[in-house]
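# Structure assessment
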Amino acid sequence: MNDSFQFEAPASAEILIVEDEPKLADLLQKYLAAAGYSSHHVAHGDEAVPAVRARRPDLVLLDIMLPGRNGWEICNELRSFTDVPVLMLTARVEEEDRLRGLELGADDYICKTPFSPREIVARVKSMLRRNGRRLRVASDMPAAAASPLAIDEARHQASIRGEVLNLTPLEFRLLKTFAGAPGQVFSREQLLNHLHDEYRSVTDRAIDTHIKNLRRKLEPFFPGHNAIQAVYGVGYSFGLPE
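In short, a report on the structure. (Residues numbered from 1 in each chain as written. Predicted model: local features only at pLDDT ≥ 70, side-chain atom pairs only at ≥ 80, totals over all residues. Heavy atoms only, no water.)

### Some points on unusual backbone geometry
- For His 156, which is not a glycine, the phi torsion comes out positive at approximately 55°.
- Mapped onto the secondary structure, His 156 falls in the loop between strand 6 (149–152) and strand 7 (157–160).
- The phi torsion at Arg 161 lies on the positive side, around 50°, for a residue other than glycine.
- As for its placement among the helices and strands, Arg 161 is situated in the loop between strand 7 and strand 8 (163–164).
- On the basis of relative accessibility, which here comes to 56%, the residue Arg 161 falls in the exposed class. (Helix = DSSP H or I, 4+ residues; strand = E, 2+ residues; numbered from the N terminus. Buried < 20%, exposed > 50% of the residue type's maximum accessible area, 1.4 Å probe, protein only.)

Here it is, written out as structure tokens:
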């Protein structure tokens, strides 16, 4: 994929803030600096994607309601070329709005009302820590004989027959969980525990959204085969055709 790049755990992470409220953005930058992170701020939606391409940030704090392009459009384009973690900032509290962000590839979301910069920094730390841990720990997945699926945890990549899948960090973690135990039935709660650490409150519907996105990305490689099966009243299981 052209212009693709993978997340790497930096010594000092840089956060891109896409937010049109100057006072709020300034406050976030101060709190992030106090936590040891550098940051860059853009206030217009049209500036977001060019800033990601130019600066290669380690995480994006993305507001939804922006002048120019909105956060949903931006997130959708980001997922066409990068798996950089995206934390969406939203004043919308409706579940449908939050799920829409997840469907487009956002990794997390937080409501701005009431606004808590300390909670946002805590979420940032948690997301960067999860990604860094995946890079530091060697993969302990059992090797499957002649399996078309390969998991490269050091690079945070999954590939099928040598072709790299364009997965978000959450989709990668979900696929890794499934691939580590093919045929096992996971409840939604078990899967959520694999996807999220502390500072996170989600509904069962969120896992269904991630499953739908992952199925869509696997389907072209296995036409007519549903790799992720729903087990009525229990959860999901995973298996690839032999």
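### Re the packing of aromatic side chains
- Taken as a whole, this structure holds two aromatic pairs when the rule is applied.
- Each ring, one from Phe 178 and one from Phe 186, has its centre 5.8 Å from the other, and the planes form 80°; the classification is edge-to-face. Each member of the pair, Phe 178 together with Phe 186, is buried.
- With a centroid separation of 5.8 Å and an interplanar angle of 20°, the aromatic rings of Phe 178 and Phe 238 are classed as stacked. Taken together, the positions of Phe 178 in helix 6 (residues 169–179) and Phe 238 in strand 11 (residues 235–238) put the pair 60 residues apart, joining distant regions of the chain.
- Take Phe 178: its relative accessible area is 0%, and that puts it in the buried class.
- Clustering of aromatic rings is evident, with ring pairs tying together Phe 178, Phe 186 and Phe 238.
- The ring centre of Phe 81 lies 3.8 Å from the NZ or CZ of Arg 53, which sits over that ring. (Phe/Tyr/Trp six-rings, centres within 6.5 Å; stacked < 30°, edge-to-face > 60°. Lys NZ or Arg CZ within 6 Å of the ring centre and 35° of its normal.)

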